[in-house]
Amino acid sequence: MKPIFELILFSSNTPEYVNPILNIIQKDKKYFDFVLYRHHITLDDEGNNVKNLELLGRDLKKMIIIDDISRYFKLQKENGINIKPFYGNVNNDGNTLKILGEILQKIRKDAVNTGDIRISLDKFKKQLYPDVVDKSEVEMN
């Protein structure tokens, strides 16, 4: 996804936990343009932890957040994909990342016409069921 998207890793963990894992994932290549950690998470009006996309200083019409915990993106639900947890085992996780990548490319192409990635995300999101999206999201729709 790196060639067509700016990738930002927004973790709910600390740098001490994330960085050693990130060093293994990235090895010699740099996939992520920025990394955000637990201390970048803010509180909503109810005191819940959220990843507020507005604080990134980017146009929300061009942003998608993918997380296995939907409450983290509740401030910008229309930008979010509530993905099933990924444990790094292809045998157990199936084609989750492959399918997600294919749909993200379709969303990006469609967004050129719509001018708003959120419209395109809504249009293609159903193609992520049931392989990618958490079943609780399916139940919400």
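This one's a predicted model, so the numbers in the text were calculated from it and none came from an experiment.

Quick notes on the overall build of the protein chain
Reasoning step 1: Counting its regular elements, the protein chain contains five helices and six strands.
Reasoning step 2: Listing every helix and strand of the protein chain by position from the N terminus yields β-α-β-β-β-β-β-α-α-α-α.
Reasoning step 3: Taken against the 2.2 N^0.38 rule, which gives 14 Å for 141 residues, the C-alpha radius of gyration of the protein chain at 15 Å falls within 12% of a compact globule.
Reasoning step 4: Taken over the C-alpha atoms alone, the protein chain extends approximately 40 × 40 × 30 Å along its principal axes.
Reasoning step 5: Out of the 141 residues belonging to the protein chain, those deemed buried represent 36%.
Reasoning step 6: Taking as baseline every contact in the protein chain between residues at least 6 positions apart, the subset at least 24 positions apart corresponds to 54%.

Describing the nonpolar core
Reasoning step 1: Counting residues in each nonpolar core, the largest one holds 16 residues, and the members touching the most others are Ile81, Leu100, Ile103, Leu104, Ile107, Leu128 and Val132.
Reasoning step 2: If you list the elements that add at least two residues to this core, you get α3 (96–114) and α4 (117–124).
Reasoning step 3: Counting residues per element, this core draws most heavily on α3, at six residues.
Reasoning step 4: Residues contacting leucine 128, with those up to four places away along its chain left out, are Ile81, Ile99, Leu100, Ile103 and Val133.

Details of the pattern of salt bridges
Pairs can form between side chains of opposite charge once their charged atoms are near each other.
Reasoning step 1: What the rule picks out here adds up to nine salt bridges.
Reasoning step 2: The partner of lysine 51 in a salt bridge is aspartate 67, with the nearest N and O atoms 2.6 Å apart. With a gap of 16 residues between them, lysine 51 in the loop between β4 (49–50) and β5 (65–67) and aspartate 67 in strand β5 connect regions that are remote in the sequence. In terms of burial, lysine 51 and aspartate 67 fall into one category: buried.

As for the packing of α3 against α4
Reasoning step 1: Across the interface, α3 lies against α4 with an axial gap of 8 Å and an inter-helix angle of 130 degrees. Accordingly, the angle class assigned to the pair α3 and α4 is oblique. Between α3 and α4 the crossing geometry is right-handed. Contacts between α3 and α4 pair Ile103, Lys106, Ile107, Arg108, Asp110, Ala111 and Thr114 from the former with Ile117, Ile119, Ser120, Leu121, Lys123 and Phe124 from the latter.
Reasoning step 2: Partitioned by chemical class, the residues of the contact of α3 with α4 number seven nonpolar, two polar and four charged.

Looking at the environment of isoleucine 8
Reasoning step 1: Here isoleucine 8 is to be found in strand β1 (residues 8–10).
Reasoning step 2: On the basis of relative accessible area, isoleucine 8 is assigned to the partly exposed category, the value being 24%.
Reasoning step 3: Those residues within four positions of isoleucine 8 in sequence are excluded, and the remaining contacts are Phe32, Phe34, Leu36, Leu56 and Arg58.

Quick word on α3
Reasoning step 1: With 19 residues, α3 should cover 27 Å at 1.5 Å per step; its first-to-last C-alpha distance of 26 Å lies within 8% of that length.
Reasoning step 2: Trailing α3 by a residue or two, glycine 115 shows a phi angle of about 80 degrees, which is positive.

Considerations on α4
Reasoning step 1: Turning to α4, its buried residues are Ile117, Arg118, Ser120, Leu121 and Phe124. The buried residues of α4 occupy an angular sector of 160 degrees when the element is viewed end-on, so they sit on one face. Seen from the buried face of α4, the exposed residues on the opposite side, beyond 90 degrees, are Asp122 and Lys123.
Reasoning step 2: Contact partners of the buried residues in α4: β6 (80–82) and α3.

A few points about unusual backbone geometry
Reasoning step 1: Residue proline 130 is reached from tyrosine 129 by a cis peptide bond, and omega for that bond is -10 degrees.
Reasoning step 2: For proline 130, the position within the fold is in the loop between α4 and α5 (135–140).

Here is what the cut-offs are and how they apply
- Residues numbered from 1 in each chain as written.
- Predicted model: local features only at pLDDT ≥ 70, side-chain atom pairs only at ≥ 80, totals over all residues.
- Heavy atoms only, no water.
- Helix = DSSP H or I, 4+ residues; strand = E, 2+ residues; numbered from the N terminus.
- Rg over C-alpha atoms; globule rule 2.2 N^0.38 Å.
- Buried < 20%, exposed > 50% of the residue type's maximum accessible area, 1.4 Å probe, protein only.
- Contact = heavy atoms within 4.5 Å.
- Core = buried A, V, L, I, M, F, W, Y, C linked by side-chain atoms within 4.5 Å.
- Salt bridge = Lys/Arg side-chain N within 4 Å of Asp/Glu carboxyl O.
- Axes fitted to C-alpha atoms, helices over the stretch in contact; angles between N-to-C directions.
- Parallel < 35°, antiparallel > 145°, perpendicular 65-115°, else oblique.
- Left-handed = near helix turned anticlockwise from the far one by under 90°.
- Nonpolar A, V, L, I, M, F, W, Y, C, P; charged D, E, K, R; others polar.
- Expected span 1.5 Å × (residues − 1).
- Arc of directions from axis to C-beta.

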